[in-house]
Each structure stands twice: as structure tokens, then as C-alpha cells.
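So you can see what is in the structure, the chains are spelled out below.
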Amino acid sequence: MKFILITVLILVVGTLTYGFYIKSTGDSNGEIIIGISVLAIAFILMPLFIFHRYKNKKMSDFTFEKYQKDLEEHHKKNS
């Protein structure tokens, strides 16, 4: 998975750089290439990265359930 992430990152950065280069030469297709690169970052690279980072984690560690319970108990004591 790490190899895939690095490969996609290099491809997207390369495509983004190429898009800015094409745009600087005056070609209007550069904006399309830049847009496709940004979409690839948002819809391909970020979901892959998030999946890779959190695939073996417990989601209950990232929620505020314990905090909410403590807050409710605190409100009950003060009421």
C-alpha cells in the first residue's frame, strides 16, 4: 500500500507540475490538467492515504463518547 501511495503521489505531483508548465506557455489545456490533478488528489490520493493510516485502528478511540458521558454526568451533578 505504501508503494501505491508513493506512486500515486509522484504521478499527481508530476501531472500538476506539467499542467503549470503548459499553462505558463499559454496553452489553455494547462488548466484542465491542473484541475484533473487536483481531483485526483481529492478523490484518489486522500482516500487511499486515510484508509492506509486508519485501517488497523479502533474507531472508538477517535470519538467523543467518553467525553460526552463525562459531560452528561457533570450536568446531572450540577442540576
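The preceding data block contains the structure.
Residues numbered from 1 in each chain as written. Predicted model: local features only at pLDDT ≥ 70, side-chain atom pairs only at ≥ 80, totals over all residues. Heavy atoms only, no water.

Visitor: Explain the overall build of the chain to me, please; I cannot follow it from the model alone.
Guide: If you tally the helices and strands in the chain, you get 3 helices and 0 strands. The N-to-C order of helical and strand elements in the chain reads α-α-α. Taken against the 2.2 N^0.38 rule, which gives 12 Å for 79 residues, the C-alpha radius of gyration of the chain at 22 Å runs more than 25% over that of a compact globule. Dimensions along the principal axes, computed over C-alpha positions, put the chain at roughly 70 × 30 × 10 Å. Within the span of the chain, comprising 79 residues, buried residues form 13% of the whole. In the chain, the proportion of contacts linking residues at least 24 apart, taken out of those at least 6 apart, comes to 48%. For the chain, the accessible surface area stands at approximately 6,900 Å², while carbon and sulfur atoms represent 65% of it. One finds the centroid of the 10 positive side-chain charges in the chain at a distance of 9 Å from the centroid of its 7 negative side-chain charges. (Helix = DSSP H or I, 4+ residues; strand = E, 2+ residues; numbered from the N terminus. Rg over C-alpha atoms; globule rule 2.2 N^0.38 Å. Buried < 20%, exposed > 50% of the residue type's maximum accessible area, 1.4 Å probe, protein only. Contact = heavy atoms within 4.5 Å. Areas by Shrake-Rupley, 256 points an atom, 1.4 Å probe, with all protein chains shown as cover. Lys, Arg positive; Asp, Glu negative; His and termini not counted. Charge placed at Lys NZ, Arg CZ, Asp CG, Glu CD.)

Visitor: Before we go on, may I ask you to explain the nonpolar core in this structure?
Guide: If you look at soluble globular proteins, the nonpolar side chains tend to sit buried side by side. Within the largest apolar cluster, 5 residues are counted, these being Leu5, Val8, Val12, Ala40 and Leu45. Elements represented by at least two residues in this core include exactly helix H1 (2-24) and helix H2 (29-54). Filtering out sequence-adjacent residues up to four positions away, Val8 remains in contact with Ile44 and Leu45. (Core = buried A, V, L, I, M, F, W, Y, C linked by side-chain atoms within 4.5 Å.)

Visitor: Even after reading the chapter, I still don't get a nonpolar patch on the surface, so can you show me in this structure?
Guide: A surface patch of nonpolar side chains, amounting to about 660 Å² of accessible area, comprises Ile41, Met46, Phe49, Ile50, Tyr54, Met59 and Phe62. Mapped onto the secondary structure, Tyr54 falls in helix H2. (Patch = residues over 30% accessible without salt bridge, like charges linked within 9 Å, V, L, I, M, F, W, Y side chains within 5 Å. Salt bridge = Lys/Arg side-chain N within 4 Å of Asp/Glu carboxyl O.)

By themselves, these observations are geometric and do not establish any function.
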